[in-house]
Amino acid sequence: MSKISPVWHPFTQPALDPQPVNIRRAEGVYLETADGRRVIDAISSWWVTLHGHAHPAIAAAIAEQAARLEHVLLAGFTHDAVEELSFRLRKFLPPRLTQIFYSDDGSTAVEVALKMAVQYWQNIGRPAKTGIVALEHAYHGDTVGAMSVAEDSEFNAAFRTMRFPVHRVHSAYCYRCPVGKIRATCKIECLEKLERLLEEKSGEIAAVIVEPLLQGAEGMIVHPVEFLSGMRELCTRYDVLLIADEVLTGFGRTGKMFACELAGVEPDLMCVAKGLTGGFLPMGATMCADFIAEAFVGRDQRRTFWHGHSYSGNPICCAAGIASLKIFESEPVFERIAGIAATHAERLAAIREHSVVGDVRQIGTVAAIEIRADDAGYFSRLKPALYDFYLKRDVLLRPLGNVVYVLPPYCITAEELNRVHDVIAESLDFAQDVLGNRAESARA
Ligand SMILES: Cc1ncc(COP(=O)(O)O)c(C=O)c1O
C-alpha cells in the first residue's frame, strides 16, 4: 500500500519544500521530533502559543470542559464558559469595546469586522458607506474577504477576480519609506494619502482596517505609534470606522495586552484570535463599540447581523481562553515579556552593524532582521536556505523571505532566547554566502 501522506500542508510546495518534520509531543518552548530531537519553537508555531506548549493549566481546563459540555450552538443558547471568557476579556479591552462576537480564527474574525462595519452604516441609514481602506503590506488572513484587504501579492494573484476592490493607502514602512523621508525628519507624511482619500471619499467609506503597529506576514514591519494615533484621528474626523486587527499583536506580543494601548488608541472594532486560547485551539473574536452593537438591535429583522459559525463560542475553546487569561494573573507574564524584549534589544543592537543586515526592528517580544538581498521579498532564496540552516541547529525560525524574525512563547528562558539569537548571528555570514553565490553564478 502507498505510504504517501494524504495531508495537504498549508503554504507548502511539495516539489520544492523539504518533507514535513513529524512532531510527537511539545512542552514549553520545545517541539520534540519523532526521532528524538528537541527543537526550540522560536515563532510560537505561527504566532499562536503564548505561555508555552502543553501548559498544564490550559490542558487541564480543556479536559475538564470537554467532559462536561463540549459544544452547544450559540444562537438561542449560552453557557458559563463563553460568559466567563467574555467578562474576563472585557477587563483587558479598551473600555468602549463592549460586545464580543465569536468566530473560528483570525480570518473569520476579520470577515466579521468587515461585514459588521458595512452593515452598521446601512442600519443607521447611510448605505453609500461601503468602501474599505487597507494598507500596503497588509495581511489579514486567507478567506476571500480577508484576502481582499491584504496587499496584492503572489499569494492572492490567482484569486484576483474573487477579491473585492479596496482603497489602498501607505503603510509606515520606515526602512522602505513610501514617501522617501529620512527618519529624523519624519512627520508621518505617509498618512497624507489616507487623509486625502478620506477628505474626498469618506461618504463612501465604511472602515479603515489596520494591523496596529506591527504588520506581521509582510515582513514584521513596525510602525511609529504616531502613525496609528494619526489614523485614529483621521477616522474620527471623517466619520469612518477604525478596525484594529490584533490577531497577531494581541495578548502581550507587543509589550502591552493589545498594541492599540501603546498608541493610546481605542478602535471601533477589534479582531483577535491566535493567542486567544493560549494557542491551544482555533478561535476568533471581533469586539465592537456599543454604538455599533446598538445599530443592530431593533424589531426589523433586516437589522440583524446574519452571520455565524457552527463552532461560534465553542465551550472547550472558551475554557482554554479562560485558563490562558488566568495565567496572565497567576504567573509573571508581563515580567517575562519585558525580559524577552530586553534580550531582543541587546542582541539586535549587536548585530545591526553586520554588512548583510539592512534593518533591525523590534516591538515587545517580536524582533526582526531585514537582510539586504537582491531578491528581497517572500520568495527570496534566503528563505529556504536559512530555514534549513536554523532547523539543522534545532531552532524553528521561518523567515519571511529576507526577513528573519523571532516571536517566542513567553516561557522562553534568557538562555534559550540567547541560543536563538546566537544561531541567527551565526547565520548572517551564511546568508552573505547564499546571496554571494547567486551574484557569482550570475556573473559567470
Ligand atoms: C494580522 C493577522 N490577521 C489575520 C490573520 C489570519 O489568522 P488565521 O490564520 O487564524 O485565519 C493573521 C494570520 O497570520 C494575521 O497575522
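Computed from a predicted model, the values in this text were never measured in an experiment.

Let us look at the packing of aromatic side chains. Applying the stated rule across the entire model yields 15 aromatic pairs. With 4.9 Å between their ring centres and 70° between their planes, tyrosine 120 and tryptophan 121 make a pair best called edge-to-face. We classify tyrosine 120 as buried; its relative accessible area is 7%. Centre to centre, the rings of tyrosine 378 and phenylalanine 379 are 5.5 Å apart; their planes meet at 85°, and the pair counts as edge-to-face. Through pairs of rings, three or more aromatic residues link up here, namely Phe11, Trp46, Phe155, Tyr378 and Phe379. Directly above the ring of tryptophan 121 sits lysine 129, whose terminal nitrogen or CZ lies 4.3 Å from the centroid.

Tallied over the full model, the rule gives 25 salt bridges. Across the pair aspartate 268 and arginine 96 runs a salt bridge whose closest N-O atoms are separated by 2.7 Å. In this pair, aspartate 268 sits in the loop between α8 (259–262) and β11 (269–272) while arginine 96 sits in the loop between α3 (80–92) and β4 (97–103), placing the two residues 172 residues apart along the sequence. We classify aspartate 268 as buried; its relative accessible area is 3%.

As a structural note, the neighbourhood of the ligand is formed by Trp47, Asp105, Gly106, Ser107, Tyr139, His140, Gly141, Glu211, Asp245, Val247, Leu248 and Lys274. In this structure, serine 107 approaches the ligand through a side-chain N or O atom, which is 2.6 Å from an oxygen atom. One of the side-chain N or O atoms of aspartate 245 is found 2.7 Å from a nitrogen atom in the ligand. Taking 390 Å² as the accessible area of the ligand by itself, protein coverage stands at 84%. Broken down by class, the residue content of the shell around the ligand amounts to four nonpolar, four polar and four charged.

Within the secondary structure layout, leucine 93 lies in the loop between α3 and β4. As a C-alpha pair, leucine 93 and glutamate 266 span 173 residues in sequence and 9.0 Å in three-dimensional space. When neighbours within four sequence positions are excluded, leucine 93 is seen to be in contact with Ile100, Phe258, Met270 and Met287.

A few words on the domain arrangement of the protein. Along its sequence, the protein is organised into domain 1 (58–330) and domain 2 (332–443). Spacing between the C-alpha centres of domain 1 and domain 2 amounts to 28 Å. On the side of domain 2, 26 residues touch domain 1, which itself brings 26 residues to the contact. For the domain 1 face of the interface with domain 2, the top three residues by lost area are Tyr175, Met220 and Arg253, together amounting to 34%. Inspection of the region where domain 1 meets domain 2 yields one salt bridge. Salt-bridge contacts for glutamate 370 lead to arginine 176; the nearest nitrogen and oxygen are separated by 2.5 Å. There are eight residue pairs in polar contact (both at pLDDT 80 or more) connecting domain 1 and domain 2. Tallying contributions element by element places helix α10 (residues 315–330) first for the side of domain 1 that touches domain 2, with three residues.

A separate point is the environment of valine 423. Along the chain, valine 423 falls in helix α13 (residues 414–443). Using a relative accessible area of 0% as the deciding quantity, one classes valine 423 as buried. Put simply, valine 423 and alanine 341 are 82 residues apart on the chain and 18 Å apart in space, counted from C-alpha to C-alpha. In contact with valine 423, not counting residues within four places along its chain, are Phe389, Tyr390, Arg393 and Val395.

For the rest of this paragraph, the subject is the pairing of strand β12 (residues 284–289). Counting buried positions over the six residues of β12 gives six, a clear majority of the element. Residues Gly284, Thr286 and Cys288 line one face of β12 and the alternating positions Ala285, Met287 and Ala289 line the opposite face, and both faces are buried. Relative to β12, β4 runs antiparallel, the two sharing six bridges. Each bridged residue has a counterpart across the sheet, and for phenylalanine 101 the counterpart in β12 is threonine 286. The pairing of β11 with β12 spans four bridges and is antiparallel. By the bridge assignment, leucine 269 is partnered in β12 with cysteine 288.

Further remarks concern the pairing of strand β3 (residues 38–41). Direction of pairing for strand β2 (residues 30–33) relative to β3: antiparallel, over a ladder of three bridges. From the neighbouring strand, glutamate 32 faces β3, where its bridge partner is arginine 38.

Turning our eyes to something else, we now look at the nonpolar core. By size, the foremost hydrophobic cluster in this structure holds 109 residues, and its most contacted members are Met220, Phe251 and Ile371. Ranked by the residues each element gives to this core, the list is headed by α10, at nine residues. Shared between two domains, this core holds at least three residues of each, these being domain 1 (58–330) and domain 2 (332–443). For phenylalanine 251, the residues in contact, after removing those within four places along its chain, are Leu50, Leu89, Met257, Phe258, Val272, Ala273, Gly275, Leu276, Leu325, Phe328 and Tyr410. Counting 29 residues, the second largest nonpolar core, distinct from the first, contains Tyr120, Ala206, Ala207 and Ala293.

Rules of the game
- Residues numbered from 1 in each chain as written.
- Predicted model: local features only at pLDDT ≥ 70, side-chain atom pairs only at ≥ 80, totals over all residues.
- Heavy atoms only, no water.
- Phe/Tyr/Trp six-rings, centres within 6.5 Å; stacked < 30°, edge-to-face > 60°.
- Buried < 20%, exposed > 50% of the residue type's maximum accessible area, 1.4 Å probe, protein only.
- Lys NZ or Arg CZ within 6 Å of the ring centre and 35° of its normal.
- Salt bridge = Lys/Arg side-chain N within 4 Å of Asp/Glu carboxyl O.
- Helix = DSSP H or I, 4+ residues; strand = E, 2+ residues; numbered from the N terminus.
- Near = heavy atom within 4 Å.
- Polar contact = N/O pair within 3.5 Å; in protein donor to acceptor, adjacent residues only side chain to side chain.
- Areas by Shrake-Rupley, 256 points an atom, 1.4 Å probe, with all protein chains shown as cover.
- Nonpolar A, V, L, I, M, F, W, Y, C, P; charged D, E, K, R; others polar.
- Contact = heavy atoms within 4.5 Å.
- Domains from an automatic or database assignment.
- Buried area = accessible area lost by both parts, 1.4 Å probe.
- Pairing = 2+ DSSP bridges.
- Core = buried A, V, L, I, M, F, W, Y, C linked by side-chain atoms within 4.5 Å.

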